[in-house]
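Spelled out from the first residue to the last, the chains are:
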Amino acid sequence: MLNIVLFGPPGAGKGTQSAMLVEKYMLNHLSTGDLLRGEIAAGTALGLEAKKLMDQGVLVPDEIVIGMIRSKLDQNPDAKGFIFDGFPRTVAQAEALDNLLTEKSTGITCMLALEVNEAELVKRLLHRGKDSGRSDDQDESIIANRIREYNAKTAPLANYYAAQNKFKGINGIGEIDAIFNSLCEAIG
Ligand code: AMP
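Parameters and conventions
- Residues numbered from 1 in each chain as written.
- Predicted model: local features only at pLDDT ≥ 70, side-chain atom pairs only at ≥ 80, totals over all residues.
- Heavy atoms only, no water.
- 1 Å grid on protein atoms, 1.4 Å probe; cavity = no way out; pocket = protein on both sides within 12 Å on 5 of 7 lines; lining within 4 Å.
- Points joined across faces, edges and corners; volume = space filled by probe spheres on them.
- Helix = DSSP H or I, 4+ residues; strand = E, 2+ residues; numbered from the N terminus.
- Nonpolar A, V, L, I, M, F, W, Y, C, P; charged D, E, K, R; others polar.
- Near = heavy atom within 4 Å.
- Polar contact = N/O pair within 3.5 Å; in protein donor to acceptor, adjacent residues only side chain to side chain.
- Areas by Shrake-Rupley, 256 points an atom, 1.4 Å probe, with all protein chains shown as cover.
- Sits in = over half its atoms within 2 Å of the grid points.

## Examining the layout of surface pockets
And then number 1: Estimated volume of the largest pocket: approximately 840 Å³.
And then number 2: Pro 10, Lys 14, Arg 128, Arg 134 and Arg 146 are, among the 43 residues lining the largest pocket, the residues nearest its centre.
And then number 3: Broken down by secondary-structure element, the contributors of at least two residues to the lining of the largest pocket are α1 (14-25), β2 (28-31), α2 (32-42), α3 (45-54), α6 (118-132), α7 (140-154) and α9 (176-187).
And then number 4: A per-element tally of the lining of the largest pocket places α2 first, with five residues.
And then number 5: When its residues are assigned to classes, the lining of the largest pocket shows 16 nonpolar, 15 polar and twelve charged.

Set out below in structure tokens:
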């Protein structure tokens, strides 16, 4: 199986690049942000709980997102592989993911990290907010919280995967197709 963690701060281009990778490598796309927004749209209790946190730009509890990923892995036993987009975001989530994949006799192939500076991220998110209508993309103080959460809780995961020799940094600034080619080269 080809199991890729597509990593990077909010606005790095994970969603755009995931869509292209999914098509080329025929992978299942698992975005915890999309799954949570689906719960909110469906008006579930989980969605209501998550919305309060997402509206502030802070992470939802590990158990919630780990549970969602566990059920998606169980629902897709014949998948060729997965792209994890926006997950894991904490060391506890990364450890849980390793355990879930080990149970299925597989593991993470590599972590591809899209590297984009903070000024560019804020610019992209505010721009995206105009089209997507996502409230967490429209308010600079929520964006700042999301970047703070990323730096405090998520960025350390680079070391987690580097220690397993699975970390690959990719320049996330430039033409979408050029970034996609760099990702494909890194997958090899
Ligand atoms: P995203 O669409 O990936 O930018 O995620 C939007 C929001 O959903 C984040 O700001 C978090 O509040 C929440 N979220 C998404 N994925 C996770 C995760 N793996 N762990 C915790 N919170 C998450």
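## Examining the environment of Arg 70
And then number 1: Mapped onto the fold, Arg 70 is located in helix α4 (residues 62-75).
And then number 2: When the C-alpha atoms of Arg 70 and Phe 7 are compared, they prove to be 19 Å apart, with 63 residues separating the residues in sequence.

## Some points on the site of the ligand
And then number 1: Close contacts around the ligand come from 16 residues, with Thr 32, Arg 37, Val 58, Gly 86 and Arg 89 the closest.
And then number 2: Contacts to the ligand include Val 60, whose backbone N or O atom sits 3.1 Å from a nitrogen atom.
And then number 3: At 3.0 Å, a side-chain N or O of Arg 89 approaches a nitrogen atom of the ligand.
And then number 4: Protein burial of the ligand: of its 480 Å² of free accessible surface, 96% is covered by the chains.
And then number 5: Its atoms largely coinciding with the cavity grid, the ligand occupies the largest pocket.
And then number 6: Of the residues in the shell around the ligand, the class split is seven nonpolar, four polar and five charged.

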